[in-house]
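Spelled out, the chains give:
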Amino acid sequence: MSAANADPDVRAVTAADLDRLVELQALCFPVEGWTRGMLAEELGRPGGIFLGLGSPLVGYACAWAVLDELHLLQIAVDPSERRAGQGRVLHAALLREARRHASAGWLEVRADNPAAIAFYLRHGWQQVGRRPRYYADGTDAMLFRLDPL
Ligand SMILES: CC(C)(COP(=O)(O)OP(=O)(O)OC[C@H]1O[C@@H](n2cnc3c(N)ncnc32)[C@H](O)[C@@H]1OP(=O)(O)O)[C@@H](O)C(=O)NCCC(=O)NCCS
């Protein structure tokens, strides 16, 4: 899927970013982060949206557009660059891209991740459920929905 969007700073993430993606994964998802192989698979997935900011990347957003639904998988910003609006820019670009195909969105977020929960609530997502012990370490997932996108 193309990264066509209205923000000139946002670009498509490619296989050339893989080393930096692995670094960001370790920095941003110390628990249950994706492996290099999983990241490579997401980069090539039909229906996938993988957008980034900066070279080298300071942050990225990754999602699937399945039929008319967006499934937001990860949004991450380098810890040294947070609270400067980079997450907001990535989220806005992701929704712009997704609206070409999707009308509503889903995501799961760890219940022990208050920064991400605050971020999603700030951007209009609403909690619609909870999946007990969803993650391998026994942490619950909170299920969020954004409808319409
Ligand atoms: C969630 C994340 C992507 C936010 O990125 P960011 O660039 O810091 O976000 P922004 O600066 O655009 O923040 C936008 C708004 O979200 C909310 N927010 C973001 N981080 C927050 C925090 N730590 N505590 C409370 N609210 C927060 C605020 O309302 C903020 O606006 P403000 O700074 O004007 O108060 C970042 O914290 C991150 O990478 N976390 C680790 C990975 C992760 O957990 N991702 C989400 C699950 S996939």
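Bear in mind that the values here come from a model prediction, so they are computed numbers and not experimental data.

Asks: I'd like a description of the sheet that holds strand β6 (residues 126-131), backed by residues and values.
Replies: Note on sheets: strands pair through backbone hydrogen bonds, and any given pair is parallel or antiparallel. Read across the sheet, seven strands follow the order β1-β2-β3-β4-β5-β7-β6 without closing on themselves; strand pairing throughout is mixed. Strands with a single pairing partner mark the edges of an open sheet, and in this sheet they are β1 (10-12) and β6. Sheet twist, expressed as the average angle between the axes of neighbouring strands with direction ignored, equals 30 degrees. With respect to the sheet, helix α3 (residues 86-98) is in contact with β1, β2 (48-53), β3 (59-66), β4 (69-77) and β7 (141-146), its orientation differing from that of β4 by roughly 160 degrees. Where helix α4 (residues 114-122) meets the sheet, its contacts fall on β4, β5 (104-110) and β7, and the angle it forms with β5 comes to roughly 160 degrees.

Asks: If you had to explain unusual backbone geometry to someone new, which residues and values would you point to?
Replies: Most of the time, phi is negative for any residue but glycine, and the peptide bond is trans. The residue after Ser-55, namely Pro-56, is reached through a cis peptide bond having omega 0 degrees. Residue position: Pro-56 is located in the loop between β2 and β3. In this structure, Pro-148 follows Asp-147 across a cis peptide bond, with omega equal to 5 degrees. Topologically, Pro-148 is positioned in the segment after β7.

Asks: Can you explain the site of the ligand? Please cite residues and give values.
Replies: Near the ligand, the surroundings consist of 22 residues, among which Ile-75, Val-77, Arg-83, Arg-88 and Asn-113 are the closest. Contact distances for the ligand include 2.7 Å between a nitrogen atom and a backbone N or O atom of Ile-75. For the ligand, an oxygen atom lies 2.8 Å from a polar atom in the backbone of Gly-87. Contributing elements (two or more residues each) for the shell around the ligand: β4, α3 and α4. It is α4 that contributes the most residues to the shell around the ligand, six residues altogether.

What counts as what
Residues numbered from 1 in each chain as written. Predicted model: local features only at pLDDT ≥ 70, side-chain atom pairs only at ≥ 80, totals over all residues. Heavy atoms only, no water. Pairing = 2+ DSSP bridges. Helix = DSSP H or I, 4+ residues; strand = E, 2+ residues; numbered from the N terminus. Axes fitted to C-alpha atoms, helices over the stretch in contact; angles between N-to-C directions. Contact = heavy atoms within 4.5 Å. Near = heavy atom within 4 Å. Polar contact = N/O pair within 3.5 Å; in protein donor to acceptor, adjacent residues only side chain to side chain.

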